[in-house]
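Listed below, chain by chain, are the residues.
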Amino acid sequence: MNGAQDLGGQMGFGPVAPEKDEPLFHAPWEARALAVTLAAGGMGHWSIDESRHARESLRPADYLSSSYYEIWIKGLSTLLERHGFLSAEEMASGEVSQAPAQPKRVLKAEMVPGVLAKGGPTERPATSPQRFQPGDKVRTINMNPTGHTRLPRYARAKLGTVVLVHGAHVFPDASAHGQGEQPQWLYTVEFTGPELWGKGADPTLSVSIDAWESYLEPA
Amino acid sequence: MSGHDHHHHDHEHDNHFTPIEARVKALESLMVEKGYVDPAALDVIIDTYETKVGPRNGARVVAKAWSDPAYAARLKQDATAAIAELGYTGRQGEHMVSVWNTPDEHNMVVCTLCSCYPWSVLGLPPVWYKSPPYRSRAVIDPRGVLAEFGVTLPETTRIRVWDSTAEIRYLVIPDRPAGTEGWSEERLADLVTRDAMIGTGLARQPAEVAA
């Protein structure tokens, strides 16, 4: 979706301003926010793609004025309500008022190290032949889906070169919407600065994205 | 980014929690009460990222690559496997690619769409990496971003910015500083900063660290 999250090339946000000796968490609630988000995902009812889509679906002014973990908590609230775990009323009051849903699984403390060490690999057996090879010239498609996609606006309808091939991976545009994994071949595609930003752009610049096969056409 | 921290340090009274603190507490308490999350698991998750996973992991990978040409070759060929040799695997590091800085080419990593970052080798990302200024500017004005980090590259240096739009995670291997011949891996790892492995910094020079 063309939401506030699609930030590549946008302007006006000011300096990067890295914080010297930045703490891992700026307040204890941030650590709790990280933990509850991961643990809730550990129930197995939504993919990481759906969780990203929940965050990016915030109204733009809300997204851009929220801190990082505020965005996480807002996204988590959406997911918990959507999947029937908590009602809006419960989250507003802090009091249980409906029976618990049954999660597929619950992440127990002793399972955490193994679960984190395993992660969530997205590579899957390919179900179609690889269409592109490193060195191929490709053009990204022009599309403006209202749902989740990982093709940023700045890189749509642009001419690039395939640099790496990664095998077939879960397709976020489908996975975010409960449409199954629908794995596709995944490629790193590189664009020159002038191709992306215009003739006057820095010619020493290249930018790459990781693009699923359906984002690409031969050029 | 957060302009919402009105700090009252008297936490004996519930009404002194900020709105976001209250909201997170409510969520956690509801989820525990309904049996959705194990409260002990929450503490293990936090402890993992506070104490067990951090940029020292990545620094060891880089130091080993600088020291051992056979390891460097494996890291180039299959970074996921090479990094796993050192025990670093898992969440947000399942599919690793190493990208190598040279005097002619500098690499920088960003996630314009959210905050994708190689947790398994660098730990949790800093706020600036996840925020609109970096996410918006890294792909259009990397030299301007580097200048903010005190890095100026020659005008002829190629800059390759990797936008992590999938689950592929990129680890920048900074150029090894001169004057480090014969250094142990532990000592070399001290030169490898977190920012150097993102590409917003360079490895430290020997003179910058205590002997």
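Note that the structure is a prediction, hence the values are computed from the model and not measured.

1. Things to note about the overall build of chain B
So, point 1. From N to C terminus, chain B includes 11 helices and four strands.
So, point 2. For chain B, the proportion of its 211 residues judged to be buried stands at 57%.
So, point 3. Of all intrachain contacts in chain B linking residues separated by at least 6 positions in sequence, the fraction that spans at least 24 positions is 67%.
So, point 4. Carbon and sulfur atoms form 51% of the exposed surface of chain B, whose accessible area is close to 8600 Å².
So, point 5. Of the charged side chains in chain B, 21 are positive and 29 negative, and the gap between their average positions amounts to 5 Å.

2. A word on the environment of B:V99
All names here are of chain B.
So, point 1. By the element assignment, V99 lies in strand β1 (residues 95–100).
So, point 2. Note on V99: relative accessible area 4%, which makes it buried.
So, point 3. Separated by 75 residues in sequence, V99 and P174 place their C-alpha atoms 8.7 Å apart.
So, point 4. With residues up to four places along the chain from it excluded, the contact list for V99 reads N107, W162, Y170, L171, V172 and I173.

3. Concerning the pattern of salt bridges
All names here are of chain B.
So, point 1. Inspection of every chain in the model, using the stated rule, returns 24 salt bridges over all chains.
So, point 2. Here D47 and K52 are joined by a salt bridge, their closest N and O atoms 2.9 Å apart.
So, point 3. You can call D47 partly exposed: its relative accessible area is 31%.
So, point 4. Here R160 and E105 are joined by a salt bridge, their closest N and O atoms 3.3 Å apart. Remark: E105 occurs in strand β2 (residues 105–110) and R160 occurs in strand β3 (residues 158–163); sequence separation between them is 55 residues.

4. Brief notes about the interface of chain B and chain A
So, point 1. Facing 76 residues of chain B, the contacting portion of chain A comprises 91 residues.
So, point 2. Here chain B meets chain A over a buried area of about 7200 Å², counting both sides, of which 65% is carbon and sulfur.
So, point 3. When residues of chain B are sorted by the area they lose upon contact with chain A, B:K34, B:Y36 and B:L113 head the list and together hold 11% of the total.
So, point 4. Joining chain B to chain A, the criterion identifies six salt bridges.
So, point 5. For the salt bridge of B:E28 with A:R32, the shortest nitrogen-to-oxygen distance reads 2.8 Å.
So, point 6. Across the chain B-chain A interface, the total number found is 37 residue pairs in polar contact (both at pLDDT 80 or more).
So, point 7. Looking at the side of chain B that touches chain A, the elements that each hand over two or more residues are α1 (19–33), α2 (39–52), β1, α7 (127–130), α8 (132–137), α9 (142–148), β3 and β4 (168–173) of chain B.
So, point 8. Class assignment for the residues of the side of chain B that touches chain A results in 40 nonpolar, 15 polar and 21 charged.
So, point 9. As judged from the five bridges shared by strand β5 (residues 205–212) of chain A and β3(B), these two strands associate in the parallel manner. Residue A:S206 lies in a different strand from β3(B), and its bridge partner there is B:R160.

5. With respect to the layout of surface pockets
So, point 1. By volume, the largest pocket amounts to about 1300 Å³.
So, point 2. Surrounding the largest pocket, 50 residues form its lining, A:W46, A:S47, A:I48, A:G120 and B:R91 being those nearest its centre.
So, point 3. Listed by contribution, the elements that provide at least two residues to the lining of the largest pocket are α1 (28–41), α2 (48–56), α4 (68–82) and α6 (112–118) of chain A.
So, point 4. For the lining of the largest pocket, the leading source of residues is α2(A), giving seven residues.
So, point 5. Of the pockets and cavities examined, the second largest pocket occupies roughly 1000 Å³.

6. Remarks on the packing of α2(A) against α4(A)
Residues and elements named next belong to chain A.
So, point 1. Here α2 crosses α4 at 115°, and the two axes come no closer than 8 Å. Overall, the two elements α2 and α4 adopt an arrangement that is roughly perpendicular. Our pair here, α2 against α4, has a crossing hand that is right-handed. Residue-level contacts link E50, S51, A54 and R55 of α2 to I71, W72, G75, T78, L79 and R82 of α4.
So, point 2. The residue inventory of the contact of α2 with α4, partitioned by class, reads four nonpolar, three polar and three charged.

7. Describing the nonpolar core
So, point 1. The biggest cluster of nonpolar side chains holds 119 residues, and the ones touching the most others in it are A:L34, B:M31 and B:Y134.
So, point 2. Sort the elements by how many residues they give to this core and α1(A) lands first, with nine residues.
So, point 3. Ignoring any residue separated from it by four or fewer positions in sequence, one finds B:Y134 in contact with A:V16, B:M108, B:V109, B:V110, B:W128, B:Y129, B:V145, B:I198 and B:T200.

8. Remarks on the confidence of the model for chain B
Residues and elements named next belong to chain B.
So, point 1. In this model, chain B carries a mean pLDDT of 93, and residues with pLDDT of at least 70 account for 92%.
So, point 2. Throughout residues 1–12 the model reports pLDDT below 50, and contacts reaching past four residues in sequence, or to other chains, amount to 16 contacts.
So, point 3. Interface confidence in the predicted complex, given as ipTM, is 0.98; pTM for the same model is 0.95.

9. Examining unusual backbone geometry
So, point 1. Positioned with a positive phi, A:Q182 is a non-glycine residue whose angle comes to about 40°.
So, point 2. A relative accessible area of 42% places A:Q182 in the partly exposed class.
So, point 3. With a phi angle near 60°, B:Q92 is a residue other than glycine that sits in the positive phi range.
So, point 4. Counting through the fold element by element, B:Q92 comes out in the loop between α5 (79–85) and β1.

10. Considering the packing of α1(A) against α1(B)
Two numbers describe a pair of packed helices, the interaxial angle and the distance between the axes.
So, point 1. The contact between α1(A) and α1(B) brings their axes to 10 Å, and the two run at 35°. At the point where α1(A) passes α1(B), the crossing takes the left-handed sense. Touching A:W29, A:R32, A:A33, A:V36 and A:A40 of α1(A) are B:I20, B:E21, B:V24, B:E28 and B:M31, all from α1(B).

11. A look at the side chain of A:Q184
Residues and elements named next belong to chain A.
So, point 1. By the secondary structure assignment, Q184 is in strand β4 (residues 184–192).
So, point 2. Q184 gets classed as buried once you look at its relative accessible area, which sits at 16%.
So, point 3. A distance of 3.3 Å separates a polar side-chain atom of Q184 from the backbone nitrogen of E213.
So, point 4. When near neighbours in sequence (up to four residues on either side) are disregarded, Q184 contacts G167, A168, H169, F171, W212, E213 and S214.

Conventions used here
- Residues numbered from 1 in each chain as written.
- Chains lettered and ligands numbered in written order.
- Predicted model: local features only at pLDDT ≥ 70, side-chain atom pairs only at ≥ 80, totals over all residues.
- Heavy atoms only, no water.
- Helix = DSSP H or I, 4+ residues; strand = E, 2+ residues; numbered from the N terminus.
- Buried < 20%, exposed > 50% of the residue type's maximum accessible area, 1.4 Å probe, protein only.
- Contact = heavy atoms within 4.5 Å.
- Areas by Shrake-Rupley, 256 points an atom, 1.4 Å probe, with all protein chains shown as cover.
- Lys, Arg positive; Asp, Glu negative; His and termini not counted.
- Charge placed at Lys NZ, Arg CZ, Asp CG, Glu CD.
- Salt bridge = Lys/Arg side-chain N within 4 Å of Asp/Glu carboxyl O.
- Buried area = accessible area lost by both parts, 1.4 Å probe.
- Polar contact = N/O pair within 3.5 Å; in protein donor to acceptor, adjacent residues only side chain to side chain.
- Nonpolar A, V, L, I, M, F, W, Y, C, P; charged D, E, K, R; others polar.
- Pairing = 2+ DSSP bridges.
- 1 Å grid on protein atoms, 1.4 Å probe; cavity = no way out; pocket = protein on both sides within 12 Å on 5 of 7 lines; lining within 4 Å.
- Points joined across faces, edges and corners; volume = space filled by probe spheres on them.
- Axes fitted to C-alpha atoms, helices over the stretch in contact; angles between N-to-C directions.
- Parallel < 35°, antiparallel > 145°, perpendicular 65-115°, else oblique.
- Left-handed = near helix turned anticlockwise from the far one by under 90°.
- Core = buried A, V, L, I, M, F, W, Y, C linked by side-chain atoms within 4.5 Å.
- pLDDT = per-residue confidence, 0-100.

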